[in-house]
Amino acid sequence: MKRIFIFTLLLSHFVVKAQDIQLTPLYVLDGKVIKDIKWISPSNLDRIEVLKGKEATSKYGDAGKNGVIVMTSKPASSIPARESLDPRVTELWDIKAPVVTPGKNSGDAPSDAIVLFDGKDLSSWSNGSGSNPAWEVKDGIATVVKGSGEIKTKQEFGDIQLHIEWRSPAAAEGDGQNRGNSGIFLQGLYELQVLDSYENITYPNGQAGSIYKQHVPLVNASRKPGEWQVYDVIYSAPRFSEKSGRIISPAYITVLHNGVLVQNHVAIIGGTQYKGMAAYKTHGKGPLTLQDHGTPVSYRNIWVREL
Ligand code: MG
């Protein structure tokens, strides 16, 4: 993953100094290089050896330049019989999971959510110049008014869980990017596309559920125009070096579209761009922004949980 990320940075024409990246070592298990180490339990290992510097590169070449963790697994037969173990050793009593009361129905805001739009008004939002939004609010629904511009939350966010419901106009006018287009910009910068993608052809990394001009959704889970659709999003903000401002970890996003996984923890390449490659710019917390793309897309039931 890290190598892919560095490659992505190069694509984005960044100049990155090595000390700004949290370099990961090479992991070797029983003589084989492995990438996923999350499944490895120390209790299944016989020996762990750390190789650094010349010792690492002489054995593993350039791949070992960040150090090498050499692990040897225990033969399965040497793992002690579980009957002799105390079950309390693996019980984590000191870590308490805070209690959250879930919503009554699926999609309802849980007790610790920040409700951004519950159908009453857009008091949690402003327009691009900081004034009250001119979007229409009627019958519990907020709808884009063409030409009135984007709206953004007054509160700014970092890592969040987001629930948002949206609807493209029932009359499917236009085609491609001109049909029921809006967008949800995480931290005001990274667009999760909103588009009427029901039997509507466009470039796949610009259809509903795409990370615009970056990641194609895994599937097209679109409902018909005029029907309500849901995005549930897990978003991790990018991290920047405090010292230099350079990127040290990209943003990650997971998206469920109408309950179907469409983005599975993908790394965002940079701030969304219509032309040219996406690129990162240093930033802190940012608002949630909804796009006016000239079509009367509607929204309801918007809430976030800060993570
Ligand atoms: Mg859009």
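Residues numbered from 1 in each chain as written. Predicted model: local features only at pLDDT ≥ 70, side-chain atom pairs only at ≥ 80, totals over all residues.

### Let's talk about the domain arrangement of the protein
Accessible area lost on assembly of the parts is the figure often given for the size of an interface.
Thinking step 1. The domain architecture assigned to the protein consists of domain 1 (1-75) and domain 2 (114-306).
Thinking step 2. Taking only C-alpha atoms, the centre of domain 1 and the centre of domain 2 are 35 Å apart. (Domains from an automatic or database assignment.)

### A closer look at the sheet that holds strand E2 (residues 32-34)
Thinking step 1. Taken in spatial order, the four strands of this open sheet run E2-E1-E4-E3, and their pairing is mixed. The sheet is open, and its two edges are formed by E2 and strand E3 (45-51), each paired on a single side. Across the sheet, the mean angle separating the axes of adjacent strands is 30 degrees when strand polarity is ignored.
Thinking step 2. Note that E3 and strand E4 (residues 68-73) share six bridges and pair antiparallel. Its bridge partner lying in E4, Val-50 is registered against Ile-69.
Thinking step 3. Its contacts with the sheet place helix H2 (residues 53-60) against strand E1 (26-29), E3 and E4, and it is angled at close to 110 degrees to E3. (Pairing = 2+ DSSP bridges. Helix = DSSP H or I, 4+ residues; strand = E, 2+ residues; numbered from the N terminus. Axes fitted to C-alpha atoms, helices over the stretch in contact; angles between N-to-C directions. Contact = placed C-beta atoms within 7 Å.)

### Examining the sheet that holds strand E12 (residues 190-194)
Thinking step 1. Spatial ordering of the open sheet is given by E6-E9-E18-E11-E12, a layout of five strands whose pairing is antiparallel. The sheet terminates laterally at strand E6 (125-127) and E12, the two strands that pair on one side only.
Thinking step 2. For strand E11 (residues 182-186) and E12, the ladder comprises five bridges, and the chain directions are antiparallel. The partner of Gly-183 across the bridge, within E12, is Gln-193.

### Points about the environment of Ile-114
Thinking step 1. Within the secondary structure, Ile-114 sits in strand E5 (residues 114-117).
Thinking step 2. Taking the number of C-beta atoms within 10 Å as the measure of exposure, Ile-114 has 15 and is therefore partly exposed.
Thinking step 3. Counting along the chain gives 48 residues from Ile-114 to Leu-162, while the straight-line C-alpha distance between them is 9.7 Å.
Thinking step 4. Apart from the residues within four sequence positions on either side, Ile-114 is in contact with Gln-155, Trp-303 and Val-304. (Buried ≥ 20, exposed ≤ 12 C-beta atoms within 10 Å, placed from the backbone.)

### Comments concerning unusual backbone geometry
Both trends apply: most residues other than glycine have a negative phi, and most peptide bonds are in trans.
Thinking step 1. Look at Lys-213: it is not a glycine, yet its phi comes out positive at around 60 degrees.
Thinking step 2. Considering the arrangement of structural elements, one finds Lys-213 in the loop between E12 and strand E13 (229-236).
Thinking step 3. Located in the positive-phi region is Asn-301, a residue other than glycine, with phi close to 45 degrees.
Thinking step 4. Among the secondary structure elements, Asn-301 is positioned in strand E19 (residues 298-306).

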